[in-house]
Amino acid sequence: FQHVFALDYSLQMLSECRSTILREERECKDGDARNADDSVAMDVAGDAPKYSNLSMIRGDAGDLPFRDGTIDAIHWGAAMHCVPDVDAALSEVYRVLKPGGKLYATTFLRPF
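Residues numbered from 1 in each chain as written. Predicted model: local features only at pLDDT ≥ 70, side-chain atom pairs only at ≥ 80, totals over all residues. Heavy atoms only, no water.

Asker: Is there a simple way to explain the pairing of strand β5 (residues 71-76) in this structure?
Answerer: Within a regular strand, side chains alternate between the sheet's two faces. The sheet contact formed by β5 and strand β6 (residues 97-105) spans five bridges and is parallel. Among the inter-strand pairings, His-75 is bridged to a residue of β6, identified as Tyr-104. Read from β5 through helix α2 (residues 86-96) to β6, the crossover connection turns out right-handed. (Pairing = 2+ DSSP bridges. Helix = DSSP H or I, 4+ residues; strand = E, 2+ residues; numbered from the N terminus. Right-handed = clockwise from strand over helix to strand, strands pointing away.)

So, in structure tokens, the structure goes:
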């Protein structure tokens, strides 16, 4: 992919994502064979990961901050049950997907 967006409504979840990236980068520093395109650059403060092709965004699944038909694929990982209006969120997903784009949803919905 040319660019990846990590979108979540929760600042805590975005913080967890950031922490995981930083932890994995620290673990890879000792003799890792990653190529330069996959490496993590650090910001000026030295504590925030910056992938040139990754953006972390606080956003609402029911009002995605993307133009119509601009996203190749969406992975909606284990969070569909957290969205207050699944129908609205799915409408947004299909609005922003390119024609032929794919949704990969790893949550099954069922009444409890």
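Continuing now.
Asker: Can you walk me through α2 in this structure?
Answerer: In an α-helix, one turn spans 3.6 residues, which is why side chains three or four residues apart end up on the same side. Taken together, the buried positions of α2 are occupied by Val-86, Ala-89, Glu-92, Val-93 and Val-96. One face of α2 carries all of its buried residues, which in axial projection span an arc of 120°. Among the exposed residues of α2, those oriented more than 90 degrees off its buried face are Asp-87 and Tyr-94. Check the buried side of α2 and you find it contacts β5 and β6. Its side-chain oxygen at 3.3 Å from the backbone nitrogen of Asp-87, Asp-85 defines the N-terminal cap of α2. (Buried < 20%, exposed > 50% of the residue type's maximum accessible area, 1.4 Å probe, protein only. Arc of directions from axis to C-beta. Contact = heavy atoms within 4.5 Å. Polar contact = N/O pair within 3.5 Å; in protein donor to acceptor, adjacent residues only side chain to side chain.)

Asker: How do you make sense of the nonpolar core when you look at a structure like this?
Answerer: Soluble globular proteins tend to bury their nonpolar side chains together. Leu-64, Phe-66, Ile-71, Ile-74, Trp-76, Met-80, Val-83, Val-86, Ala-89, Val-93, Val-96 and Leu-97 together form the largest nonpolar core, which totals 12 residues. When contributions to this core are tallied by element, the ones reaching two or more residues are β5 and α2. Top contributing element to this core by residue count: α2, with four residues. (Core = buried A, V, L, I, M, F, W, Y, C linked by side-chain atoms within 4.5 Å.)

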